[in-house]
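Structural features, examined
Here's the letter readout for the chains.
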Amino acid sequence: MKRPSVRIVAMALAVMALAAGLYATTVGHGFILLDDQQYIPTNPLVNQGLSWATARAAWVQSCENYWAPLLWLSFMVDVEMFGLQPWGFHLVNVVLFALNAGLLFVLFSRWTGRAGVAMAATLLWMLHPTRVESVAWVVERKDVLSGLFLLLGLGAYVETHRSQLRGGLWLAWLFMALGGATKQILIVMPALLMLLDIWPLQRTSWDRIRRDGWRLGLEKWAFWGLAFALAVVPVWLHQQAAAMLESSFLERARMIPQHYLFYLQKTIWPTGLSVLLGNLDFRWDMLVLSCGLLGGITWALWRYRKAAPWALWGWVWFVGALFPLSGWVWAGAEKLATRFMYVPHMGLALAVSLAAAQGCSRWRAARPWAVAGLVLVLAAYAGMTLHLLPFWRSNLTLFPRVLQGNPQSVHGFDNLA
């Protein structure tokens, strides 16, 4: 990889410092009853710290029906460093998130060649209040740690084809395996690699993807095989524990468009965010509206695929990365969770920033208004984030917030009691 300029390094460090400063208050938060206790203080696999015995056990045991050896190992390292004090676990989450933000900026600047666009996209992703759940909740180390491996894998893949990085494909595969050993959402990585082939690598195009898709897909056979293995493990574990939510295929399929509409709404106007969100009720009018809106956006972006391939790219990234969590498989207490947008928002934020930059280049008179609009949006997102963070301080602040947004939450009542 070409050595980044001093300017890019300085901007990346500034992004990391901003991310760390934004979430610094979480270091003073405690553990919450929602999974934190079961994953760490009362988990005999973790609370003993790191040893050869616990390290081996992390790869063969599935605590809380969840196989995540690197997650358990990271918690064991925290126990060795900080004991069972929650501030240390929160600190590591903040550091990992800051690394994610800095690395995302570097990748965006490499892919676009435009530091300003990369900064705007990174800030849109980083300051968005849907990140709060992934950073302020200790057990969501899953997102920040697996996200770091995902970004490293995507970067290695691009550099393999741009700079002839020796062994880069297997390095990307290794990062996928490490990320998958933290959170199985990395099953989306082969699809994201296909998107990178379209843009920015331009190894194919939207018009040629049907012809080139088989070749590019077979080229990634090792990634698809790993994705299949990672997809099977959590389903099998939940079935063994009878933790799968019973629902018909028709019930799940008809709710997926409404789920996408929910996530789009929370992307644009992220209010009322909380953990343990209530389920959506099926409505025919909402199904028609959802399908019409999703289809209309896809059709419009398809029409502009030649002039702006990155626009359809960002939309497909969002839809595709969210698909495994859109409702096909239901397990656990939640069918909807805003933390599910951790990876999907990455590509979408870049596409939105590129669209704004293209608009400014065509209509220069609109540039000051676009900059002012961006600043207002970022300020609003940062304000919403700062508003949400205190609710994660303790059980007595979190669960009243849960019940405020979802008065029927059994888990909210149980944990508050």
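A short tour of the structure in this document, coming up.

Parameters at a glance
Residues numbered from 1 in each chain as written. Predicted model: local features only at pLDDT ≥ 70, side-chain atom pairs only at ≥ 80, totals over all residues. Heavy atoms only, no water. Helix = DSSP H or I, 4+ residues; strand = E, 2+ residues; numbered from the N terminus. Polar contact = N/O pair within 3.5 Å; in protein donor to acceptor, adjacent residues only side chain to side chain. Contact = heavy atoms within 4.5 Å. Phe/Tyr/Trp six-rings, centres within 6.5 Å; stacked < 30°, edge-to-face > 60°. Lys NZ or Arg CZ within 6 Å of the ring centre and 35° of its normal. Axes fitted to C-alpha atoms, helices over the stretch in contact; angles between N-to-C directions. Parallel < 35°, antiparallel > 145°, perpendicular 65-115°, else oblique. Nonpolar A, V, L, I, M, F, W, Y, C, P; charged D, E, K, R; others polar. Salt bridge = Lys/Arg side-chain N within 4 Å of Asp/Glu carboxyl O. Buried < 20%, exposed > 50% of the residue type's maximum accessible area, 1.4 Å probe, protein only.

1. Some thoughts on the side chain of Ser146
Here Ser146 is to be found in helix 8 (residues 141-163). Looking at Ser146, its side chain comes within polar contact range of the main-chain oxygen of Asp143, at 3.4 Å. Not counting the four nearest positions on each side in its chain, Ser146 is found in contact with Arg141, Gly179, Thr182, Lys183, Ile185 and Leu186.

2. Here's the deal with the packing of aromatic side chains
The full count for this structure, using the stated rule, is 19 aromatic pairs. Through pairs of rings, three or more aromatic residues link up here, namely Phe31, Tyr39, Trp72, Phe75 and Phe89. Sitting over the ring of Phe282, Arg254 keeps its end group 4.0 Å from the ring centre.

3. Here's the deal with the packing of helix 10 (residues 189-198) against helix 15 (residues 309-322)
With their axes 10 Å apart at the nearest point, helix 10 and helix 15 run at an angle of 180° to one another. With respect to helix 15, the axis of helix 10 lies roughly antiparallel. Contact with helix 10, carried on its side by Leu192, Leu195 and Leu196, involves Trp313, Val316 and Trp317 of helix 15 and no other residues of that element.

4. Focus on the packing of helix 8 against helix 9 (residues 168-180)
Between helix 8 and helix 9, whose axes approach to 8 Å, the crossing angle comes to 170°. One element, helix 8, and the other, helix 9, form an angle in the roughly antiparallel class. Each of Ser146, Phe149, Leu152, Gly153, Ala156, Tyr157, Thr160 and His161 in helix 8 lies in contact with helix 9, whose residues at this interface are Gly168, Leu169, Leu171, Ala172, Phe175, Leu178 and Gly179. Of the residues in the contact of helix 8 with helix 9, the class split is nine nonpolar, six polar and no charged.

5. Regarding the pattern of salt bridges
The final tally for this structure, using the stated rule, is 17 salt bridges. One salt bridge in this structure joins Arg203 and Asp197, with 2.9 Å as the shortest N-O distance. Among the residues examined, Arg203 registers a relative accessible area of 22% and is labelled partly exposed. According to the relative accessible area criterion, Asp197 is buried, its value standing at 0%.

These figures come from the coordinates and say nothing about function on their own.
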